[in-house]
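Structural overview
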Amino acid sequence: MTPHVAQKLQPRPKPVRWCVHSDQTAPTFRCDALWVWLMAQNPVERQNRATELICPFNLRPLLASWNLGHCSESHTPRNLAYARKVDAHLQGNVIEDALAHDITPAGLAQRVWNADGLEQFLGRGLSPQGVMTFMTFRVLSHSTKYMTPEDIAAVSADLTQGAPAPTPPEPRTGAIAQNADGHNLYLCLCAGCHVADGEGQLYGSVSMRSNTSAMFDNPLDLVGELMALVNYLRQRWGDHKQALPVEAVTHRAKEAQIGTDDENDNEGQ
């Protein structure tokens, strides 16, 4: 391993997970001391092991073609044979109960993405359009943060080529009266970071107006994130052993919608 590679593998920010101990007794200052010590060490120059892969898998130039199709593997829907649908290239897919979004130029523009936002998202995991979380964070952690700025710019330009100018949707103030309970929950739980009107705070939290999580026709990712929090609260402090699946919430939501529709029908009679 060369000194350059060793430096790249060392974490620059202090990883939060280092400060979490199984019995919750490890003092934070010990983690800080460990991090300071690691950052003070010189990289070790050591040659990598020779590859044991057989030909043609040991030919690194072939990775170029694999990288070009990497986004398509996740973001292109599959047919019954689990092959990619060539007529729906990059139009979105569901993988492991997570939504790999439509990243065609038109799909990105519909959710107010542009090349500059993609560059920030792929390079730092944070942009005006949102933050990398869950499965998407692995892409940043293991891949895109190591790409050069020029490569990230090239990918972003390619994905947004020919896209119309994105136009953020206007906030609907009528939603406050339409969903008063949700509005009150937002003020109590979310407005501290995103402020009451959803404009966010510079260097602190993204604006809700440009955040794409609420713009998807399929709310699977948003519901999944909320379910992860709900399950943590129930399992940590509520003595529940099993996690609720996302389907349990969507099923109850459908039942509630049916009940609402029936009430509306009765009122109209």
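Everything discussed here concerns the structure shown above.
Residues numbered from 1 in each chain as written. Predicted model: local features only at pLDDT ≥ 70, side-chain atom pairs only at ≥ 80, totals over all residues. Heavy atoms only, no water.

It is worth spelling out the environment of Thr160 at this point. For Thr160, the position within the fold is in the loop between helix H8 (149-159) and helix H9 (174-178). For the pair Thr160 and Ile103, spaced 57 residues apart in the sequence, the C-alpha separation amounts to 8.5 Å. Discounting chain neighbours no more than four positions away, the residues touching Thr160 are Pro105, Leu108, Asn114, Ala115 and Leu118. At a separation of 2.7 Å, a polar atom in the side chain of Thr160 contacts the main-chain carbonyl oxygen of Ser156. (Helix = DSSP H or I, 4+ residues; strand = E, 2+ residues; numbered from the N terminus. Contact = heavy atoms within 4.5 Å. Polar contact = N/O pair within 3.5 Å; in protein donor to acceptor, adjacent residues only side chain to side chain.)

We now examine the packing of aromatic side chains. In the structure shown here, the tally under the stated rule is two aromatic pairs. Ring centres of Trp113 and Phe121 lie 5.1 Å apart, and the angle between their planes is 70°; this geometry places the pair in the edge-to-face category. Of the two residues examined, Trp113 and Phe121, each falls in the buried class. Considering the side-chain rings of Tyr232 and Trp237, the 5.4 Å spacing of their centres and the 85° angle between planes classify their relative orientation as edge-to-face. Residue Tyr232 is classed as partly exposed on the basis of its relative accessible area, which comes to 40%. (Phe/Tyr/Trp six-rings, centres within 6.5 Å; stacked < 30°, edge-to-face > 60°. Buried < 20%, exposed > 50% of the residue type's maximum accessible area, 1.4 Å probe, protein only.)

Topologically, Met208 is positioned in the loop between helix H11 (191-194) and helix H12 (220-237). Look at Met208 and you get partly exposed, because its relative accessible area is 34%. Sequence separation between Met208 and Gly198 is 10 residues; the distance between their C-alpha atoms is 4.9 Å. Dropping the residues within four chain positions of it, Met208 is found in contact with Tyr186, His194 and Gly198.

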